[in-house]
Amino acid sequence: MYLDVDATKCTGCRVCLTICSLYHFKEINPKKAALTIDATFPKPGKYEPRVCNQCGICASVCPVEAISLPARPQPDQAVLAGDARSGGKEGAYIIDSEKCNGCGECVRECPTQVMFLHEDSSVPIKCDLCKECIPVCAPGVLFIKDENK
Amino acid sequence: MFAYGGKILRVNLSNDKISIEPLPEKLVSDYIGGRGFSARILYDELKTGIDPLGAENKIVVASGPLSGLFVPGAGKLTFASKSPATNSYGDSNIGGHLASEIKYAGYDVIIIEGISDKPVYLYINNDKIEIRDAGKYCGKGAITTEEMLKRDLGKEFEIAVIGPAGENKVKFACISHDFGRQAGRTGIGAVMGAKNLKAIAVRGTLSLKVADPDKLLEIGKKAFADCIKHPAWKLWLDQGTASVTNWSNQQGSFPTRNFQSGFFEDYQKISGDVMLKETIVNNKACFGCPMACGKYARTRRNNKEYYVEGPEYETAAMIGGDCAIGNIHDLTYANYICDELGIDTISGGSVAAFAMECYEKGIIDKKDTGGVELKFGDIRAFEHIMNLISRREGIGNLLADGVKVAAEKLGKGSARFAMHVKGLEISGYESRRAPAMLLSYMTCDIGAHHNRAWAITHDIAVGRDVFAGKSKRVIELQHIRPIFDMLGTCRLQWVELELSLDYYPQLINVTTGRNYTMDELLHSSERVWNLNRLFLIREHKDNFGRHFDYPPARVYENGVQTGPTAGSKVKKEDIDKLLDEYYQMRGWDKNGRPTPEKLKELGL
Ligand code: SF4
Ligand code: SF4
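Keep in mind that what you see is a predicted model, and the values were worked out from it rather than measured. (Residues numbered from 1 in each chain as written. Chains lettered and ligands numbered in written order. Predicted model: local features only at pLDDT ≥ 70, side-chain atom pairs only at ≥ 80, totals over all residues. Heavy atoms only, no water.)

## Comments concerning the overall build of chain A
For step 1, the next point in the chain: Summing up its helical and strand segments, chain A has four helices and six strands in all.
For step 2, the next point in the chain: Counting from the amino terminus, helix and strand elements in chain A follow one another as β-α-β-β-α-β-β-α-α-β.
For step 3, the next point in the chain: Within chain A, the proportion of its 149 residues that are buried is 53%.
For step 4, the next point in the chain: At a minimum sequence separation of 6, the contacts of chain A that also span at least 24 residues come to 66%.
For step 5, the next point in the chain: By element, 48% of the accessible surface of chain A is carried by carbon and sulfur atoms, the whole surface being about 6600 Å². (Helix = DSSP H or I, 4+ residues; strand = E, 2+ residues; numbered from the N terminus. Buried < 20%, exposed > 50% of the residue type's maximum accessible area, 1.4 Å probe, protein only. Contact = heavy atoms within 4.5 Å. Areas by Shrake-Rupley, 256 points an atom, 1.4 Å probe, with all protein chains shown as cover.)

## Quick look at the overall build of chain B
For step 1, the next point in the chain: Helix and strand counts for chain B stand at 26 helices and 17 strands.
For step 2, the next point in the chain: Rg of the C-alpha trace for chain B: 22 Å, near the compact-globule value of 25 Å for 604 residues, within the 12% margin.
For step 3, the next point in the chain: The buried share of chain B, taken over its 604 residues, is 69%.
For step 4, the next point in the chain: Summarising the internal contacts of chain B: among those between residues at least 6 apart in sequence, 69% fall at separations of at least 24.
For step 5, the next point in the chain: Positive and negative side-chain charges of chain B, numbering 78 and 76 respectively, have mean locations separated by a distance of 1 Å. (Rg over C-alpha atoms; globule rule 2.2 N^0.38 Å. Lys, Arg positive; Asp, Glu negative; His and termini not counted. Charge placed at Lys NZ, Arg CZ, Asp CG, Glu CD.)

## Here's the deal with the pattern of salt bridges
For step 1, the next point in the chain: This structure, assessed with the given rule, holds 70 salt bridges over all chains.
For step 2, the next point in the chain: Notably, a salt bridge pairs E27(A) with K32(A), separated by 2.6 Å at the nearest N-O pair. For the pair E27(A) and K32(A), a shared accessibility class is recorded, and that class is buried.
For step 3, the next point in the chain: Connected through shared salt-bridge partners, R35(B), D91(B), D445(B), R452(B), D485(B) and R491(B) make up one network. (Salt bridge = Lys/Arg side-chain N within 4 Å of Asp/Glu carboxyl O.)

## Quick word on unusual backbone geometry
For step 1, the next point in the chain: Each neighbour pair has its own omega, and for K43(A) with P44(A) the value is 0 degrees, a cis peptide bond.
For step 2, the next point in the chain: Locating P44(A) in the fold gives a position in the loop between β2 (36-40) and β3 (46-50).
For step 3, the next point in the chain: Positive phi is not limited to glycine here, since Q54(A) has a value of about 55 degrees.
For step 4, the next point in the chain: Structurally, Q54(A) is set in the loop between β3 and α2 (57-61).
For step 5, the next point in the chain: Since its relative accessible area comes to 9%, Q54(A) is described here as buried.
For step 6, the next point in the chain: We note that E498(B) has phi near 50 degrees; this positive angle belongs to a residue other than glycine.
For step 7, the next point in the chain: Positionally, E498(B) belongs in the loop between α21 (492-495) and α22 (503-512).
For step 8, the next point in the chain: When its relative accessible area of 58% is taken as the criterion, E498(B) is described as exposed.

## Some words on the site of ligand 1
For step 1, the next point in the chain: Residues in contact with ligand 1, as listed here, are C10(A), T11(A), G12(A), C13(A), R14(A), C16(A), I37(A), C137(A), P139(A), V141(A) and L142(A).
For step 2, the next point in the chain: Here the shell around ligand 1 is composed, by residue class, of eight nonpolar, two polar and one charged. (Near = heavy atom within 4 Å. Nonpolar A, V, L, I, M, F, W, Y, C, P; charged D, E, K, R; others polar.)

## Regarding the pairing of strand β6 (residues 109-113) of chain B
Residues and elements named next belong to chain B.
For step 1, the next point in the chain: Taken across its five residues, β6 has five buried, putting it largely inside the fold.
For step 2, the next point in the chain: Of the two faces of β6, the one carrying V109, I111 and E113 and the one carrying I110 and I112 are both buried.
For step 3, the next point in the chain: With five bridges connecting them, strand β1 (residues 7-12) and β6 associate as parallel partners. By the bridge assignment, L9 is partnered in β6 with I110.
For step 4, the next point in the chain: Summarising the sheet, strand β3 (residues 59-62) and β6 pair through four bridges and their orientation is antiparallel. In the sheet register, A62 faces β6, and the bridge partner there is V109. (Pairing = 2+ DSSP bridges.)

## Some details on the side chain of H479(B)
Residue and element names in this part refer to chain B.
For step 1, the next point in the chain: Mapping H479 onto the fold places it in helix α20 (residues 470-487).
For step 2, the next point in the chain: A distance of 2.8 Å separates polar atoms of two side chains, one belonging to H479 and the other to R586.
For step 3, the next point in the chain: Every residue in contact with H479, bar those within four places of it in the chain, is listed here: L522, S525, E526 and R586. (Polar contact = N/O pair within 3.5 Å; in protein donor to acceptor, adjacent residues only side chain to side chain.)

## Observations regarding the interface of chain B and chain A
Accessible area lost on assembly of the parts is the figure often given for the size of an interface.
For step 1, the next point in the chain: Taken together, the contact pairs 42 residues of chain B with 36 residues of chain A.
For step 2, the next point in the chain: Both faces considered, chain B and chain A share a buried interface measuring about 3100 Å² in area, 58% of it formed by carbon and sulfur atoms.
For step 3, the next point in the chain: Inspection of the region where chain B meets chain A yields five salt bridges.
For step 4, the next point in the chain: Residues K209(B) and E27(A) are paired through a salt bridge, measuring 3.2 Å at the closest nitrogen-oxygen approach.
For step 5, the next point in the chain: Taken together, the connections running from chain B to chain A amount to 19 residue pairs in polar contact (both at pLDDT 80 or more).
For step 6, the next point in the chain: Among the elements of the structure, α3 (98-104), α4 (142-153), α7 (213-229), α8 (233-239), β13 (280-284) and β15 (304-309) of chain B are those that each provide at least two residues to the side of chain B that touches chain A.
For step 7, the next point in the chain: For the side of chain B that touches chain A, the leading source of residues is α7(B), giving seven residues.
For step 8, the next point in the chain: Across the side of chain B that touches chain A, the residue classes break down as 24 nonpolar, nine polar and nine charged. (Buried area = accessible area lost by both parts, 1.4 Å probe.)

## Brief notes about the domain arrangement of chain B
Residue and element names in this part refer to chain B.
For step 1, the next point in the chain: In terms of domains, chain B is made up of domain 1 (7-203), domain 2 (236-424) and domain 3 (431-601).
For step 2, the next point in the chain: Taking the mean C-alpha position of each, domain 1 and domain 3 sit 26 Å from one another.
For step 3, the next point in the chain: Domain 1 puts 40 residues into the contact, and the matching count from domain 3 is 35 residues.
For step 4, the next point in the chain: For the pair domain 1 and domain 3, the summed buried surface comes to about 3200 Å²; carbon and sulfur atoms form 61% of the total. (Domains from an automatic or database assignment.)

## Looking at helix α1 (residues 15-25) of chain A
For step 1, the next point in the chain: Summarising burial for α1(A): 11 of the 11 residues are buried, a large majority.
For step 2, the next point in the chain: For α1(A), the full list of buried residues reads V15(A), C16(A), L17(A), T18(A), I19(A), C20(A), S21(A), L22(A), Y23(A), H24(A) and F25(A).
For step 3, the next point in the chain: Those residues of α1(A) that are buried are in contact with β2, α4 (133-136) and β6 (142-145) of chain A together with α3 and α7 of chain B.
For step 4, the next point in the chain: Residue K26(A) follows α1(A) closely and has a positive phi angle near 60 degrees.

## Here we look at the sheet that holds β15(B)
Paired through backbone hydrogen bonds, the strands of a sheet run either parallel or antiparallel to each other.
All names here are of chain B.
For step 1, the next point in the chain: A sheet is described by the order of its strands in space; here three strands give the open sequence β13-β14-β15, paired in antiparallel fashion. Each edge of the open sheet is held by one strand with a lone partner, namely β13 and β15. Put simply, the sheet's adjacent strands are angled 20 degrees from each other on average, direction ignored.
For step 2, the next point in the chain: Taken together, the four bridges between β13 and strand β14 (residues 294-301) define a ladder with antiparallel strand orientation. Looking at the pairing, I280 lines up with A297 of β14. (Axes fitted to C-alpha atoms, helices over the stretch in contact; angles between N-to-C directions.)

This is how it looks when you write it as structure tokens:
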């Protein structure tokens, strides 16, 4: 289960980024969000959201095994830097901020480049499948893909 | 300070001095943000009578408290200055992603002073501020320059830029951003050009803190949901403001051939429906917007592809109708030309239409135009005249000062159809049979612009021949609509998707931790309106009078030629009656000056 996109619909509004940071960090900062929007202008004039597909490569490259797919999600487990809220939704690889040593290996190795480092913390920011962005994305770009269904 | 960046960045281009000042509490509490800030700052800091294109003029770039937050349409920014078009306070609103980025860099306001001795651009990367050489971008188009700067600095920089028209101080040059958004009105692009400032590039990585994040999350989600479920949402997402073109023609309010008519026979060839089929490649939103009115389009011409955002309604009206360009591909290309040259499509369209009518009437001829037949409907003629204007070459030099000044110089009765109020060209609504809309153009604080009081729907609702009582709604709108410009948000979620006004005091209170009522916001907006009136009066002293609020003679001399409003014109005495009622309701005297009691009530 992961967040998927229909990129053709994206308008580049960045609402998904604002709610991501507001929900997880209680502040607003698109650079503290677990997804990003690429824009190619003036030609061909397209937006391309980049989101985490929970491939787990981050977990496999982490030298201290701070990233894992919890068997039974812990709703209150801190998974993101700072004052993080939420965590451990079904299907989401999450970072244990206690264990993370901030080496940045996962950020470098992420194939879709959707693990983000921000100067506020050494722990990367990663999608925890909270799903908050989905209903506020007006054109309906974001949705949950469940390969088991 | 919650919601705000809390800082003013001041840059003097004459002596390269850069300073950072705290945002004054009194400015915040009385003027809220955006155009409230810019109006107060310019009134206080500009000396009377200065040359808008001289070193003493300043540009104020002001975001609002809601800019950059989790709020529908939170991407609006004000550019303000003493306008070269009107010689008074001028401002223009721009969407895109600049307001938010400035806030994330830690600032609410940027004030630009002085004149640089060589072309420069302003580089802002959080607290790293530099005035950098812009030699390599000189003379380049606005779209091209933005692309170059993004390549040079990195894609995450948000960029405001002027084109050749701004560099050459064309008095309706715009400021462009995000490949299709413009601060188009009042010629602030020319002020940037006069300052030798080619661009402003901003990157911010700081967080905005709000007083009650949980409440913002809750209210913000509701507001977004309300927008998305509105029945008109889909049409706005598909067509944006171009969806208004059909309606406006059916109402006979579509400026056509320099406002000779209010109905364009080819409107169906340039409407939103045609764009959907022919040109639109993508929907493009400003920061935080659920309706994405930007329609990114592509056209082909001489085997070359052109990409441009638009045409939106105003461009369709002022170039499509007013210059009679009745083909969507020609119109899209015309839009591209203006965007690349850095020309406001509203004033630019009006100026071209004025020149075309002058040509039609023999006031100018082929000798003046460099051999080109300047005929309505001819895209090549339009392109030719825009190129001349942007270079201030030949007749372009005359036209580059706008229709008011051009008509004064051309004479031969051309002032009677120079369609402006206070020096600012009238935007896209023919209003000879819409008294509230006409009054709104006459009294708009920056010159004839529609966005302060889009009152035509009120005319249609209560009667298009009714004059009495129209002031009430116009004044109401002139107070409500600028609140969005003060908050740093778009108004279209309210206007078009009926997002409840009740959200706004709630949103400002949960984010700033202050305690405003809607009435207090309205009071603040009225304060700004009166302050801008004082600016105008201060500039013109004894010459000031109600004639500043008169529309061009065409409104009372010529009837609309064709379409649903054919034959309509307004009697001169009715224009005075409109003003009498308006002044009285505003607490202004017979000459349109705020009374001492009114000023006291507003704390001015
Ligand atoms: S909210 Fe949706 S449309 Fe807006 S940027 Fe994110 S993915 Fe794109
Ligand atoms: S409605 Fe249009 S102008 Fe307003 S915020 Fe949305 S995209 Fe921008």
